[in-house]
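# Commentary on secondary and tertiary structure
Next come the chains, spelled out residue by residue.
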Amino acid sequence: MTVSNTVDQYTIMSGDRSKIKDLLCNRLTECGWRDEVRLLCRNILVEKNGNNSLSVEQLIAEVTPKARTLVPDAVKKELLMKIRTILAENEGDN
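Residues numbered from 1 in each chain as written. Predicted model: local features only at pLDDT ≥ 70, side-chain atom pairs only at ≥ 80, totals over all residues. Heavy atoms only, no water.

### Description of the nonpolar core
The following threshold applies: To define a nonpolar core, start from buried Ala, Val, Leu, Ile, Met, Phe, Trp, Tyr and Cys residues and group those joined through side-chain atoms within 4.5 Å. Only protein chains enter the area calculation, which uses a 1.4 Å probe; residues under 20% of their type maximum are buried, those over 50% are exposed, and those in between are partly exposed. What counts as a helix is a DSSP run of H or I of at least four residues, what counts as a strand is a run of E of at least two, and both are numbered from the N terminus.
Grouped together as the largest cluster of nonpolar side chains are 14 residues, with contacts concentrated most on Trp33 and Val63. The set of elements that each furnish at least two residues to this core consists of helix H2 (16-30), helix H3 (33-48), helix H4 (56-70) and helix H5 (73-93). Ranked by residues supplied to this core, first place goes to H3 with four residues.

Structural data, given as structure tokens:
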């Protein structure tokens, strides 16, 4: 089992996953990331709409790598610190 899978499994079992997810959604909204991704989707749809054959899966495949690069470093660092804190608290409980 990888470290990522272990952390994921622990956060699900401890109930912290929803807290982390909520924090991420709030931070992405606050920094304007969601609006940027929405605009990116619109631009791709306008670009590719000439052939009317762009599926949702194709849109997701095209947008996902670009959207990931748009996540601000500050948001990534904050989430990493939150996860480390949760894991440190778990170690302290054992």
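We are not done yet, so read on.
### Structural notes on the confidence of the model for the protein chain
Low pLDDT marks stretches whose predicted atomic positions should not be read closely. Basically, it comes down to this: Within a predicted model, pLDDT stands for the predictor's per-residue confidence, ranging from 0 to 100.
When pLDDT is averaged along the protein chain, the result is 87; 93% of the residues meet or exceed 70. When the elements of the protein chain are averaged for pLDDT, helix H1 (residues 3-14) gives the smallest value, 73, and H4 the largest, 95.

### As for H3
Formally: Under the convention used throughout, the expected extent of a helix is 1.5 Å for every residue step, that is, one less than its residue count. The arc in question is the one spanned by the directions pointing from the helix axis to the C-beta atoms.
Taking 1.5 Å of rise per residue, the 16 residues of H3 would be expected to cover 22 Å, and the 22 Å separating its terminal C-alpha atoms lies within 8% of that figure. Residues Trp33, Val37, Leu40 and Ile44 constitute the buried set of H3. Down the axis of H3, the buried side of the element spans an arc of 55°, and every buried residue falls inside it. Residues of H3 that are exposed and point over 90 degrees away from its buried face: Arg42 and Val46.

### Things to note about the pattern of salt bridges
Pairing is possible between side chains of opposite charge, provided their charged atoms come close. What counts is decided by this rule: Salt bridges are identified by distance alone: a Lys or Arg side-chain nitrogen within 4 Å of an Asp or Glu carboxyl oxygen.
Tallied over the full model, the rule gives six salt bridges. Lys19 serves as the salt-bridge partner of Asp16, at 3.5 Å between the closest nitrogen and oxygen. Taken as a pair, Asp16 and Lys19 lie in helix H2 at a separation of three residues, close to a single helical turn. With a shortest N-O distance of 3.9 Å, Lys66 and Glu62 are connected by a salt bridge. Of this pair, Lys66 and Glu62 both sit in helix H4, four residues apart, which is roughly one turn of that helix. Taking relative accessible area as the criterion, Lys66 reaches 37% and is therefore assigned partly exposed. The exposure class of Glu62 is partly exposed, given its relative accessible area of 23%. Taken together, the salt bridges that share partners define one network made up of Arg27, Glu30 and Glu78.

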